[in-house]
Amino acid sequence: MTILGKDLLGLAGLSREQVTAILDVAEPLRAISERAIKKVPTLRGMTVVNLFFEPSTRTRISFEFAEKRMSADTVNVATAASSVSKGETLVDTARNLEAMRIDMVVIRHPHSGAARFLAERIESNVINAGDGTHEHPTQGLLDLLTLREKLGGLEGKRICIVGDVLHSRVARSNIWGLKAMGAQVAVCGPRSLLPGAIRELGVEVFDRIETAIEWADALNILRLQLERMQLGYIPSLREYNRVFGVTRARLERAPRDLVILHPGPMNRGVEIDSDVADGPHSVILEQVTNGVAVRMAVLYLLAGNAPALADAAKGATV
Amino acid sequence: MTAPLLITGGRLVDPSQGLDAVGDLLLVDGKVAAIGGQIAGPEGATRLDATGLVVAPGLIDVHVHLREPGREEVETVASGAQAAVAGGFTGVCAMPNTKPVTDNQATVGFVKRQGEAAGFARVYPYGAITVGQMGETLAEFGEMVAAGAVAVSDDGKPVENSHIMRTALEYAQTFGIPVVEHCEVMALAHGGAMHEGTVSARLGLKGIPGEAEEIDVIRCILLAKLTTGHIHLCHLSTKGSVDLVRWGKEQGVHVTAEVCSHHISLTHEAVEGYNTNAKMNPPLRTAEDVAALQQGLKDGTIDLLVTDHAPHHYDEKEREFADAPNGIVGLETALGVNITWLVERGVLTIPQMVDRMSCLPAKVFHLPGGTLAKGSVADVTLFDPSRRWTVDPTRFKSKGRNTPYGGQTLTGQAISTIVGGRVVYQLAP
């Protein structure tokens, strides 16, 4: 049995050992992207389909780089170009792809549960690249990898997720992943954007960003979808920035230096001010770099490779 | 004219006359001719041995969706009525959210005739409250009642305009029919796919808070109080709703209420894994709600047990959770679910369950049956209260297979169903 099983659908239910194994594999794989020839033959001959039912730039590109640097053959299917717009069901689309003999599907879908739905119906490995407001496990993993490095471990560390937790798959994956690793997790945002049952997920709730900043070692600042205002969850983006925006002035009052994460894309001047995003404690671009490594690690492990062989994979070149 | 039918040696359970004793039952010319003790059947009577079985007035489900006209590939009046008798039901009330909507005498008459032609359970059509179930203009209650409608409802959605609901409650009194409300505040429920709580927070599905139902429950109770009309509340799903109905009854308001078999047996945990066969509206709620609904049923706050039988095509449920339609089939599992979760666990006795599945539905909706008193219609259900069986959806008479109980073992099953003195269903040995 491999360390992950057939699919990576979410971080809920993953053990500390499993998460640690992924992060430990990802760390050395990062070096591949630093070389002149950014390619290893590990997944040579494997076919991966990136099945995106929602627009995405960075996640899709990150997966594509990860796949290509591992020498997999990749095909990108985006909604506009697929037969889904002709009324074909998700399961028919996937079965058709599978009939062309593929090995893995990376799926991004607007509905919660879509990745699991697919995984239960096809033989190929399925990687969830974000399903509705459920999970985005590779984003959670890259956040963990970044935090583990910056904070020198995760056990007992305090991470506060700031913003629209209600609609955030990134938030859920972070909560499960961080808790599995022994970190303390809090959320902060307007109550209208926090699930009513959030405390039952085992997290602390801060109503004021000032209190959160005082408490935390790191902030993971979520993107505020602009349509939340039109749907009546908050009165205005302006007020959101004034009450919940992470600003330099607020950070300067913190008792310690905070690590600042953001899954992107950012709304500068709304949930995060530019001088914070571009400031010395921002690790936002390192998250992006780690994203490729984490996705390489997940592809590597789901392909059935043992964690211990990761270093060997790193050494080999085409 | 069928031969007289003598049912012998069964446990006669008829709460309408306080009867629970072993004895015989004689049906002649579609009516109950004699009940109790040993009956010497007339010459040529067919005999049916009911030893070890409960002999009850025919079960009646006042909340089913038979999909005809409009979605005959999913269910027809005939297939639904056949599923009904296979589940022990001798009468069902068909909701009007058909295509086109059953909002006029012609369609009401059509549904009724389809039921008669099928010859299984009696099919009592609902008429819509408003034209097209659009919530704007009252449908013609008088003509629909003349054509066979027994109640009015916009089930599937609420009548949001309180003036229209008030008028419906007033106008329906002319015809002596209940106004039946699907309680939901759409603005609160909008986009919701399951109960709002821990499970929805975990699964990332938009939730429907219990208050979306409760606000409409209290609105309808207050409007019934204002108008002295009869409001019947569909498929209650929360503890709060039970408390509000209890208050309404204490105030003397003419309010009756029903609960579905799935809401007294399952919780929102059943959605785990994005199981679309656990998706319905109102959604499955918490264990605390289930306990309150059971208690409400026991103490009489909730009058009736129903199924909200809602067949869907396989393809419609075989998809992403948010896109799957609401509803499950229930006619062929309800008796087993009710015995397993209510009788076996001591919530209701067998007579109390029969009361809520037969006598009270007939009384609340002014339907024939619901009693085995001499002279009443010969609608009878024979069931084995201790027979254990495993739910196999592929064997359903309903065209719908969408059940969360597939593969589960239930206790209690219909053995014979008799409508108008004629055996219309017999469980294969």
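Residues numbered from 1 in each chain as written. Chains lettered and ligands numbered in written order. Predicted model: local features only at pLDDT ≥ 70, side-chain atom pairs only at ≥ 80, totals over all residues. Heavy atoms only, no water.

Student: Before we go on, may I ask you to explain the interface of chain B and chain A in this structure?
Tutor: A common measure of how large an interface is: the accessible area buried when the components associate. Contacts between chain B and chain A engage 16 residues on the former and 19 residues on the latter. The junction of chain B with chain A conceals about 1400 Å² of combined surface from both sides, 57% of it contributed by carbon and sulfur atoms. Of all residues in chain B, B:Tyr274, B:Glu318 and B:Glu320 bury the most surface against chain A, accounting for 35% of the area lost on that side. Summed over the shared surface of chain B and chain A, the result is one salt bridge. A:Arg121 is paired through a salt bridge with B:Glu318; the nearest N and O atoms lie 2.5 Å apart. (Contact = heavy atoms within 4.5 Å. Buried area = accessible area lost by both parts, 1.4 Å probe. Salt bridge = Lys/Arg side-chain N within 4 Å of Asp/Glu carboxyl O.)

Student: Just to check I follow, could you spell out the nonpolar core for this structure?
Tutor: Judged by nonpolar contacts, the single largest core of 108 residues is most densely connected at B:Ile7 and B:Leu233. The biggest single contributor to this core is helix H11 (residues 334–343) of chain B, with seven residues. By size, the runner-up hydrophobic cluster in this structure holds 66 residues, among which are A:Leu29, A:Ile127, A:Ile161 and A:Ala197. (Core = buried A, V, L, I, M, F, W, Y, C linked by side-chain atoms within 4.5 Å. Buried < 20%, exposed > 50% of the residue type's maximum accessible area, 1.4 Å probe, protein only. Helix = DSSP H or I, 4+ residues; strand = E, 2+ residues; numbered from the N terminus.)

Student: Would you explain helix H3 (residues 90–99) of chain A in this entry?
Tutor: Turn by turn, an α-helix covers 3.6 residues, leaving residues three or four places apart pointing in a common direction. Residue and element names in this part refer to chain A. Looking at H3, one finds that the buried residues are Leu-90, Val-91, Thr-93, Ala-94, Leu-97 and Glu-98. Take H3 and look down its axis: the buried residues cluster within an arc of 160°, on one side only. Residues of H3 that are buried make contact with strand S1 (47–52), strand S2 (73–78), strand S3 (104–109) and helix H4 (114–119). One or two residues past the end of H3 sits Arg-101, with phi positive at roughly 65°. (Arc of directions from axis to C-beta.)

Student: How should unusual backbone geometry be read in this particular structure?
Tutor: Only a minority of non-glycine residues have a phi that is not negative, and only a minority of peptide bonds are not trans. Note that the residue after B:Glu68, namely B:Pro69, is joined by a cis bond; omega there is 5°. Looking at where B:Pro69 falls in the secondary structure, it is placed in the loop between strand S6 (59–64) and helix H1 (77–86). With an omega dihedral of 0°, the bond running from B:Asn281 to B:Pro282 counts as a cis peptide bond. When you line up the elements, B:Pro282 lands in the loop between strand S14 (255–260) and helix H9 (287–299). Phi at A:Ser71 is positive, roughly 70°, even though this residue is not glycine. For A:Ser71, the location among the structural elements is in the loop between helix H2 (58–69) and S2.

Student: Help me understand the sheet that holds S3(A) in this model?
Tutor: The strands making up a sheet are joined through hydrogen bonds of the backbone, oriented either antiparallel or parallel. Residue and element names in this part refer to chain A. One open sheet holds the four strands; their spatial order is S2-S1-S3-S4, and the pairing between them is parallel. Pairing within the sheet leaves two strands with one partner each, and these edge strands are S2 and strand S4 (125–131). Averaged over all adjacent pairs, the angle separating strand axes in this sheet is 15°, with direction ignored. The pairing of S3 with S4 spans five bridges and is parallel. (Pairing = 2+ DSSP bridges. Axes fitted to C-alpha atoms, helices over the stretch in contact; angles between N-to-C directions.)

Student: Looking at this model, I keep getting lost on the pairing of strand S5 (residues 158–162) of chain A. Mind explaining?
Tutor: On any regular strand, side chains alternate: one points to one face of the sheet, the next to the other face. Residues and elements named next belong to chain A. Summarising burial for S5: four of the five residues are buried, a large majority. Pairing between S5 and strand S6 (residues 184–188): five bridges, direction parallel. Along S6, the bridge assignment pairs Arg-158 with Gln-184. Each parallel crossover has a hand, and the one from S5 via helix H6 (residues 169–180) to S6 is right-handed. Strand direction decides the pairing type here: S5 and strand S8 (residues 218–221), joined by four bridges, are parallel. Bridging from a neighbouring strand, Ile-161 pairs with Asn-220 of S8. (Right-handed = clockwise from strand over helix to strand, strands pointing away.)

Student: How should the packing of helix H1 (residues 16–29) of chain A against helix H5 (residues 137–151) of chain A be read in this particular structure?
Tutor: When two helices pack together, their arrangement is captured by the angle between the axes and the distance separating the axes. Residues and elements named next belong to chain A. Running from amino to carboxyl end, H1 crosses H5 at an angle of 75°, the nearest separation of the two axes being 10 Å. By the angle between their directions, the pair H1 and H5 is classed as roughly perpendicular. Contact with H1, carried on its side by Val-19, Thr-20, Ile-22, Leu-23, Asp-24, Ala-26 and Glu-27, involves Leu-141, Leu-144, Leu-145, Arg-148 and Glu-149 of H5 and no other residues of that element. (Parallel < 35°, antiparallel > 145°, perpendicular 65-115°, else oblique.)

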